[in-house]
Amino acid sequence: MVVDTPSLYFRAFYGVPRAGRAADGTPVGAVRGLLDVLARQVREVRPRQLVCCFDADWRPAFRVALLASYKAHRVAESVGGREAEAVEEDLLVQLPIIDEVLDAFGIARVSVAGFEADDVIGTLATRHQGAVDVLSGDRDLFQLVDDVAGVRVRYAVERFAVVDEASVTARYGIPGRAYADFAVLRGDPSDGLPGVAGIGAKTAAVLLGRCGSLAAVLAAVEGAPAAGVVEGVSAAVRRRLVAARDYLEVAPRVVAVVRDLPLGEVGGVVGAPADPVGLAALGARWGVAGSVGRLESALRVVAGG
């Protein structure tokens with residue numbers, strides 16, 4: 001089980017009442033929410049390995065170089081040439097606590113310089129020989145769904161509903177592995193991805209349903225006359241796609257998660273806490289002993305202890 005940790009702690013921060021604070025007043029709602037989610041999902045999924053993935057760079061330079069609008073609306077400031085993401089202070093102070101608690105559990109934390117958590121997840125899911133469950137509230141990771149490889153997403157937005165290829169098709173009317181192409185065509189304002197002007201979700205689904213992939217759509221457009229319908233692509237849609245040629249040349253590389261990062265061996269075998277004394281102390285200090293206990297119990301059950 002690989003975890004899109006930033007997605008989950010953001011959701012926990014905004015979904016758990018802000019009243020959750022440690023004795024010294026430090027907010028801990030995101031810490032508590034993340035641990036409780038992990039406990040529930042560990043019990044349900046019963047993974048042999050558990051890896052929490054993080055952003056080393058929330059807005060990687062290689063993506064920005066391709067598409068300047070990528071997450072540009074989230075930039076709070078630039079300090080020393082490094083852009084900072086707009087994150088509330090009450091969440092920022094909880095991030096080191098999350099790191100400390102996960103380390104005390106012995107849960108693997110993985111990030112790679114210059115890349116997002118999505119890229120780490122994509123690499124782990126691609127190289128793992130066996131079933132993979134991805135915990136995330138980010139639809140971008142639907143592109144990893146692969147029934148043959150056994151990769152599926154547990155979608156946090158819908159109470160961790162399982163998303164497989166049939167689910168992608170049912171949701172969007174597209175081939176089960178075509179979500180990245182769909183996102184390129186439709187766009188995604190949350191990531192600063194403009195999409196193709198005049199092509200919304202419905203038209204994007206029709207194009208991919210008829211042609212199978214963005215590459216096939218563009219091949220049909222390239223071979224189409226100035227007017228008429230070719231491979232289900234109308235003249236009006238053809239004009240829109242032609243006008244967006246520059247965007248369509250770069251957007252697929254922005255949307256696609258990286259699947260071949262140079263990761264070494266990643267542990268994450270489910271078992272007893274690495275530092276039980278330190279873990280108990282952290283639980284008491286930050287007022288999250290109940291959540292710590294629930295995750296510890298879930299891991300013990302799954303490990304057979």
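Just so you know, these numbers come straight off a predicted model, no measurement behind them.

1. Re the sheet that holds strand S5 (residues 108–110)
At step 1: Read across the sheet, 6 strands follow the order S5-S2-S1-S6-S7-S8 without closing on themselves; strand pairing throughout is mixed. The outermost strands of the open sheet, each flanked by one partner alone, are S5 and strand S8 (161–163). When strand polarity is set aside, the average angle formed by the axes of neighbouring strands in this sheet is 25 degrees.
At step 2: Bridging between strand S1 (residues 2–4) and strand S2 (residues 51–53) involves 3 bridges; their strand directions are parallel. Paired with Asp4 across the two strands is Cys53, which belongs to S2.
At step 3: Its contacts with the sheet put helix H1 (residues 5–15) on S1, S2 and strand S6 (132–136), and the angle it makes with S1 is roughly 50 degrees.
At step 4: With respect to the sheet, helix H7 (residues 165–172) is in contact with strand S7 (151–155) and S8, its orientation differing from that of S8 by roughly 95 degrees.

2. Quick word on the pattern of salt bridges
At step 1: For the structure shown, the criterion picks out 17 salt bridges.
At step 2: We note a salt bridge from Arg109 to Asp103, for which the minimum N-O separation is 2.8 Å.
At step 3: For Arg152, the salt bridge identified is with Asp133, shortest N-O distance 2.8 Å. Placement of Arg152 in strand S7 and of Asp133 in strand S6 is noted, with a sequence separation of 19 residues between them.
At step 4: Each of the salt bridges in this network shares a partner with another, and the network as a whole consists of Glu44, Asp133, Arg152 and Arg154.

3. A short note on the environment of Leu282
At step 1: When you line up the elements, Leu282 lands in helix H13 (residues 276–286).
At step 2: Overall, the relative accessible area of 13% leaves Leu282 in the buried class.
At step 3: Along the primary structure Leu282 and Glu100 are separated by 182 residues, whereas in three dimensions their C-alpha atoms are 8.0 Å apart.
At step 4: Sequence-distant contacts of Leu282, that is, excluding residues within four places in its chain, are made with Glu100, Val101, Ala104 and Val288.

Reading the values: rules and limits
Residues numbered from 1 in each chain as written. Predicted model: local features only at pLDDT ≥ 70, side-chain atom pairs only at ≥ 80, totals over all residues. Heavy atoms only, no water. Pairing = 2+ DSSP bridges. Helix = DSSP H or I, 4+ residues; strand = E, 2+ residues; numbered from the N terminus. Axes fitted to C-alpha atoms, helices over the stretch in contact; angles between N-to-C directions. Contact = heavy atoms within 4.5 Å. Salt bridge = Lys/Arg side-chain N within 4 Å of Asp/Glu carboxyl O. Buried < 20%, exposed > 50% of the residue type's maximum accessible area, 1.4 Å probe, protein only.

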